[in-house]
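Letter by letter, the chains look like this.
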Amino acid sequence: MSFDTRDFRSALGKFATGVTVVTARDGEEDHGVTASSFNSVSMDPPLILWSIDKGAYSLDVYRHAEHFVVNVLGNEQVDISNRFARRGEDKFAGIATAPGLGGVARVTGAAAHFECRTWNVYEGGDHLIIVGEVLRYAYRNEGSALVFHNGRYAVPEPHPLMLDVGEPTEMGGRLGRHLLYLMRQALAAYRGDFYPRLASLGVNDNEWRVLTLLADGGPLSAEVLARRVSQPLAEFEDTLAILGERALLSVDAPATSISPRPGRRWRCACWRWPTTTSGGCSRAWQRMKSTPSSRGWGA
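Criteria and cut-off values
- Residues numbered from 1 in each chain as written.
- Predicted model: local features only at pLDDT ≥ 70, side-chain atom pairs only at ≥ 80, totals over all residues.
- Heavy atoms only, no water.
- Helix = DSSP H or I, 4+ residues; strand = E, 2+ residues; numbered from the N terminus.
- Buried < 20%, exposed > 50% of the residue type's maximum accessible area, 1.4 Å probe, protein only.
- Pairing = 2+ DSSP bridges.
- Expected span 1.5 Å × (residues − 1).
- Bend = angle between axes of the 7 residues up to and from the residue.
- Core = buried A, V, L, I, M, F, W, Y, C linked by side-chain atoms within 4.5 Å.
- Contact = heavy atoms within 4.5 Å.
- Salt bridge = Lys/Arg side-chain N within 4 Å of Asp/Glu carboxyl O.
- Phe/Tyr/Trp six-rings, centres within 6.5 Å; stacked < 30°, edge-to-face > 60°.
- Axes fitted to C-alpha atoms, helices over the stretch in contact; angles between N-to-C directions.

## Some points on the environment of Ile48
And step 1. In this fold, Ile48 is placed in strand β5 (residues 46-53).
And step 2. Given the relative accessible area of 5%, Ile48 is considered buried.
And step 3. As a C-alpha pair, Ile48 and Gly132 span 84 residues in sequence and 5.4 Å in three-dimensional space.

Laid out in structure tokens, this is it:
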């Protein structure tokens, strides 16, 4: 069975994962690659797995490595994730590390480390699946891990108690009055109305972020846009391709300047929030009946 690769990747992106940098050593040279395919396999013996693209530059290093380290990145380590996802540079330059088993680099500040001995390597289509036996591990309780979901970086947060808008809360006492709890409740209510509005406009939240930034700030480079919408460049290219196919933006090769498509009219997804007046938008975008120079989303 054949799937559209980009669409299949979007479906897989609905499953939230952590983000890791897997490191290995070949002689005196350190190697590292960003991977979100990390998962547990067994508790006894303690086994984990991850997978690597067969087109990866360091494929043979990982295929034959005796030891490797899975560094689970913290939510402040987005730059490290992006660094190790790219080719053609000294990935370890300026990155604080410490030697682990077999001299393999452990990334300082990671949320957790799993130091492994290669247990087995399996074929997996266009990837190799590498299973490791965990020989040593460590983690830190402060902070949280970096998350990857829906094609962009995210942070884990405790799930808010979901209540219908206007429903009185039964959470009394200190917790019910705590600012963080109240802010999460407000965010849950906001999301409940916002995302259906995006869907009605035929865009997802990644596409909305890109269009909003371009409408507010004018042309930007792909690297700057990707960073501001919290997407790795590979996933960001998919977002650009979708918007380009729908003629919602223009890209000057080689993606050095991205701008809204001339002549397009826009409409804001947050128009007519319950908390705004009928005469305007809280994000300073205008209605569709405005002049052609107004900015917002639309058709």
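From this point, the discussion proceeds with the structure in view.
## Section: the sheet that holds strand β11 (residues 147-149)
And step 1. Sheet architecture is open: three strands sit in the order β1-β11-β12, paired in antiparallel fashion. What marks the edges here is a single partner per strand, and that holds for β1 (17-18) and β12 (152-154).
And step 2. In the sheet, β1 pairs with β11 via two bridges, with the strands oriented antiparallel. From the neighbouring strand, Gly18 faces β11, where its bridge partner is Val147.

## Describing helix α5 (residues 179-200)
For the α-helix, the turn length of 3.6 residues means that residues three or four positions removed from each other point alike.
And step 1. When the terminal C-alpha atoms of α5 are compared, their 32 Å separation across 22 residues agrees well with the 32 Å that a helix rising 1.5 Å per residue should span.
And step 2. Remark: the principal bend of α5, roughly 25°, maps to Arg191.
And step 3. Where α5 is concerned, the buried positions are Tyr181, Gln185, Ala188, Phe194 and Leu198.
And step 4. Positive backbone phi, at 80°, marks Gly202, one or two positions downstream of α5.

## As for the nonpolar core
And step 1. Counting residues in hydrophobic clusters, the biggest one holds 21 residues, and the most contacted among them are Val22, Trp50, Ile52, Tyr62 and Phe68.
And step 2. Those residues in contact with Val22, other than ones at most four positions away along the chain, are His31, Gly32, Val33, Ala35, Trp50, Tyr62, Phe68, Val69 and Val70.
And step 3. Judged by nonpolar contacts, the second largest core, of 14 residues, contains Val210, Leu211, Leu214 and Leu220.

## What to know about the pattern of salt bridges
And step 1. Considering all chains together, one arrives at ten salt bridges under this definition.
And step 2. The salt bridge partner of Arg25 is Glu28, with a shortest N-O separation of 3.3 Å.
And step 3. On the basis of relative accessibility, which here comes to 26%, the residue Arg25 falls in the partly exposed class.
And step 4. Looking at Glu28, the relative accessible area reads 71%, which means it is exposed.
And step 5. Look at the salt bridges and you will find they share partners, linking Arg25, Glu28 and Asp30 into a network.

## Regarding unusual backbone geometry
And step 1. In this chain, Asp44 is followed by Pro45 through a cis amide linkage whose omega measures 0°.
And step 2. Phi at Asn150 is positive, roughly 60°, even though this residue is not glycine.
And step 3. Notably, Ser230 is not glycine yet its phi reads approximately 60°, a positive angle.
And step 4. Residue position: Ser230 is located in the loop between α7 (222-228) and α8 (233-245).

## A look at the packing of aromatic side chains
And step 1. By the definition in use, this model includes seven aromatic pairs.
And step 2. Seen in terms of ring centroids, Phe148 and Tyr153 are 5.8 Å apart; in terms of plane orientation they differ by 70°. Their pairing is edge-to-face.
And step 3. On the basis of relative accessibility, which here comes to 8%, the residue Tyr153 falls in the buried class.
And step 4. Among the aromatic residues, those joined into a cluster by ring pairs are Phe38, Phe114 and Tyr137.

## Things to note about the sheet that holds strand β6 (residues 67-72)
And step 1. With antiparallel pairing, seven strands are arranged side by side in an open sheet as β3-β2-β6-β9-β10-β5-β4. Looking at strand neighbours, the two that pair on one side only are β3 (29-35) and β4 (39-43), the edges of this open sheet. Averaged over all adjacent pairs, the angle separating strand axes in this sheet is 35°, with direction ignored.
And step 2. The pairing of strand β2 (residues 20-26) with β3 spans seven bridges and is antiparallel. Note on β3: the bridge partner recorded for Val21 is Thr34.

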